[in-house]
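Topology and contacts: notes
Each chain, written out:
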Amino acid sequence: MQKKVLALLLIISCGMFMGLKVITDKIPRKIIPGASIIYIPSGKYLKFASFGHSSLLADLIYIWAIQYFSNYSVPERFQYLSHVFSIISELDPEYLDPYQVGALIAIYDARDFDTAIDILELGLKKNPEQWIFPWQAGHYAQILLKDFELAKKYYQTAMEIEGSPPIIKRLYSNAIYELGDYHTAWKNWLEIYNNSDDERVKKIASNHLYRTKAAMDIQKITGALKEYQNKFNRLPEKLADLVASRFLDSVPQDLDGQDYVYDSDTGEIETAVIPWKR
Amino acid sequence: MKIRAVALNTFKEAIRDRILYLLLFFAAVSFILSRLLSLLTVGDKTKIIIDAGLSSLSIFGVLMAILMGTGLVYKEIDKKTVYTLLSKPISRNQFILGKFLGLIITLFIMLLVMTAIFFIIILLHSGTISWKLFVSLGFVFLELCLITSVALLFSCFSTPILSSIFSLSFYLIGHLSWGLETLIKKMSPGITKILTQVAYTLLPDLENFNFKTEVVHNLPIQPEMFLFSFFYGITYTFFILMLAMLVFRKRDFI
């Protein structure tokens, strides 16, 4: 009898606390989202507190960071972005994913290029053999900031790291082209063309060589056109007129031996084909 | 032969302890949870599983060593079975060594079981197991040997609760002592620096057995590091065991 009463009490109490749990969950509570983040100490202290399990602690903070920074109910969540990822770096410097994901969050969510660069720089500092970090920094500088000088700097750093893929040299050469240094760009693309055995890479290099030569030629022709216009107060009818008036030694042709397309009304010069559709 | 008999008896007694299976259960749960935890990450999921698995193995192994080791000698004294044992032609040193070996065998078997569960989870996830994992697990076992000897030492003269606190402190100090090196570097030369240096050398450095980061990131480890860490573990355990024998010899049971 006593046993039955006990079992009954057990079931009743279990049902009661489960019911109470459901009720308390429904009561709205005032919370400050993200308030706990201010209590996170520096990575150095956390490493002490991890008692030899710093790698696991880095994993846990990283997983927490992914959830926290994707929580849109905390508008000021990016305030400690750099701090959180520096903690992970301190706990497990060789853990590469957090640097990349941290930079990704900084760029695409926080729209904070400087923080992204800081995180990637930290990654490179802790892992100097990893070309991925300067490559990513260069990529962000090129694509998002259109800062080709910065992109060139990072691509160069990535290129100098052993084991970096050949594509980085191509990106580097492209950044040089975008900076307007056509002669260096030509030299680089020619080197890529001559040193590659891959037909696809050769084709890419050839298209870039075509584009670079066209840019140099168009620059030269445009200069001659300006001089012509200054002297005759009009644009020439055809490019051959520039040679006749001695503003050019000869009319340049593109890499495929075709003439450039000249519009005598506007003075614009274009290649006969789009470089990527040769 | 006498040591073997004590060891075998200790092992038989230890595997009947329910706390062992409770810890084993929690270790298994944490291995399974590591698989779930890895689903929340972006990037390398295997790293999370290995990190959580190795840490669980180490933490639960240490808990087993401490919770069982601290009661090894105390229980014998408390239940007065030590009188019967020591009245036989068995020395106190043999008794301590037998107790130590008995628990080590138990821990070894438990570690094997936990490793099997851990490896199954890794295999199900990635399909491969790095040989470096075995090295890391070997050093986890070496750390457990040292912790067991410490628990046994405290068990010789203290109650299980106090011994557990002392052994846990030893474990924590062992993983914190590397911080003294930073302190020493910042200290100006003098007697304090020398004393700190002595304390740093004397205190256990359990980080010498921690190769988790190297395993997870597949980093190269100098063979000398393995070798010297191995001998460091062996000699430190030997030292603590000798200390335990000395303490036990001094104990008066009358």
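Before reading on, note that the structure itself is shown above.
We now turn to the structure provided with this report. (Residues numbered from 1 in each chain as written. Chains lettered and ligands numbered in written order. Predicted model: local features only at pLDDT ≥ 70, side-chain atom pairs only at ≥ 80, totals over all residues. Heavy atoms only, no water.)

Another point: the overall build of chain B. If you tally the helices and strands in chain B, you get 12 helices and zero strands. Walking chain B from its N terminus toward its C terminus, one meets helices and strands in the order α-α-α-α-α-α-α-α-α-α-α-α. Against the globule reference of 18 Å for 254 residues, chain B gives a C-alpha radius of gyration of 20 Å, in line with a compact fold. Judged by the C-alpha coordinates and their principal axes, chain B covers about 65 × 55 × 30 Å. Looking at chain B residue by residue over its 254 residues, the buried ones come to 48%. (Helix = DSSP H or I, 4+ residues; strand = E, 2+ residues; numbered from the N terminus. Rg over C-alpha atoms; globule rule 2.2 N^0.38 Å. Buried < 20%, exposed > 50% of the residue type's maximum accessible area, 1.4 Å probe, protein only.)

Attention now moves to the interface of chain B and chain A. Each partner contributes residues to the interface: chain B has 25 residues there, and chain A has 18 residues. Of the roughly 1900 Å² buried where chain B meets chain A, counting both sides, 66% is carbon and sulfur surface. Our count for the chain B to chain A interface comes out at two salt bridges. Put simply, B:K47 and A:D59 hold a salt bridge, and the shortest N to O gap is 2.5 Å. Between chain B and chain A we count 13 residue pairs in polar contact (both at pLDDT 80 or more) in total. Sort the elements by how many residues they give to the side of chain B that touches chain A and helix α3 (residues 45-69) of chain B lands first, with seven residues. Here the side of chain B that touches chain A is composed, by residue class, of 11 nonpolar, nine polar and five charged. (Contact = heavy atoms within 4.5 Å. Buried area = accessible area lost by both parts, 1.4 Å probe. Salt bridge = Lys/Arg side-chain N within 4 Å of Asp/Glu carboxyl O. Polar contact = N/O pair within 3.5 Å; in protein donor to acceptor, adjacent residues only side chain to side chain. Nonpolar A, V, L, I, M, F, W, Y, C, P; charged D, E, K, R; others polar.)

Let's shift gears to helix α5 (residues 97-109) of chain A. Turn by turn, an α-helix covers 3.6 residues, leaving residues three or four places apart pointing in a common direction. Residue and element names in this part refer to chain A. For α5, with 13 residues, the first-to-last C-alpha span of 17 Å sits near the 18 Å given by 1.5 Å per residue. Looking only at α5, the buried set comprises D97, P98, Y99, V101, G102, A103, I105, A106 and I107. Among the structural elements, α3 (54-69), α4 (81-91), α6 (113-126) and α7 (132-145) are those in contact with the buried residues of α5. Where α5 terminates, the next one or two residues include R111, which has phi positive at roughly 55°. (Expected span 1.5 Å × (residues − 1).)

So, on to the side chain of B:T70. Within the element layout of this structure, B:T70 appears in the loop between α3 and α4 (72-78). Excluding residues that lie within four positions of it along the chain, B:T70 makes contacts with B:A65, B:A151, B:S155, B:P160, B:S163, B:S164 and B:S167.

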